[in-house]
Amino acid sequence: VQLVESGGGLVQPGGSLRLSCAASGFTFSSYAMSWYRQAPGKERELVATITSAGGGTHYADSVKGRFTISRDNAKNTVYLQMNSLKPEDTAVYYCSARVGGLTRWGQGTQVTVSS
């Protein structure tokens, strides 16, 4: 199982970023996918989850209405569109899937929201 995130960077408050996570080593279309984030000195928290076929999504209250999770099963990729970014969204963002009874993680991508 391999999960590789990309798309992070430095953005001003109110800006947008789209994160991508390319998956391999498992049947991507059979598994729900999630995005988590971890800010310095804080615990890792769930940001958003999408079901295997993409028909259902769940968001943390802190990102509802600003972030959108989506997936392309033909490309084995899950996305996180982040709009109206705030300084408190600054964190390392991780892609995750529970495969074979284990939670698998990517290496993370840094998102920094600052003027």
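Keep in mind the model is a prediction, meaning the values are calculated, not measured.

Chemist: Before we go on, may I ask you to explain the state of the cysteines in this structure?
Modeler: One way to say it: the disulfide is the covalent bond shared by the sulfur atoms of two cysteines. Taken as a whole and judged by the stated rule, the model has 1 disulfide. The partner cysteine of cysteine 21 in its disulfide is cysteine 95, sulfur to sulfur 2.1 Å. Looking along the S-S bond of the cysteine 21-cysteine 95 disulfide, the torsion reads about -75 degrees, which is the left-handed sense. Taken together, the positions of cysteine 21 in strand β3 (residues 17–24) and cysteine 95 in strand β9 (residues 91–99) put the pair 74 residues apart, joining distant regions of the chain. As far as the burial class goes, cysteine 21 and cysteine 95 line up, both buried.

Chemist: Just checking my understanding: could you explain the pattern of salt bridges for this structure?
Modeler: Note that side chains of opposite charge can pair when their charged atoms are close. Overall, the coordinates contain 4 salt bridges when judged by the stated rule. A salt bridge links glutamate 45 to arginine 37; its shortest N-O distance comes to 2.6 Å. Accessibility expressed as a relative area gives 33% for glutamate 45, which makes it partly exposed. Judged by its relative accessible area of 6%, arginine 37 falls in the buried class. The shortest N-O distance in the salt bridge between arginine 37 and aspartate 89 comes to 2.9 Å.

Chemist: Honestly, the environment of leucine 19 in this entry has me stumped. Any pointers?
Modeler: Tracing the sequence through the fold places leucine 19 in strand β3. Between the alpha carbons of leucine 19 and tryptophan 105 there is a distance of 15 Å; along the sequence they are 86 residues apart. Setting aside anything within four residues of it in sequence, one finds leucine 19 in contact with Ser6, Gly7, Gly8, Trp35, Val78, Tyr79, Leu80, Met82, Tyr93, Thr109 and Val111.

Rules used in this analysis
Residues numbered from 1 in each chain as written. Predicted model: local features only at pLDDT ≥ 70, side-chain atom pairs only at ≥ 80, totals over all residues. Heavy atoms only, no water. Disulfide = S-S within 2.5 Å. Helix = DSSP H or I, 4+ residues; strand = E, 2+ residues; numbered from the N terminus. Buried < 20%, exposed > 50% of the residue type's maximum accessible area, 1.4 Å probe, protein only. Salt bridge = Lys/Arg side-chain N within 4 Å of Asp/Glu carboxyl O. Contact = heavy atoms within 4.5 Å.

Nothing here speaks to function; it is all geometry.
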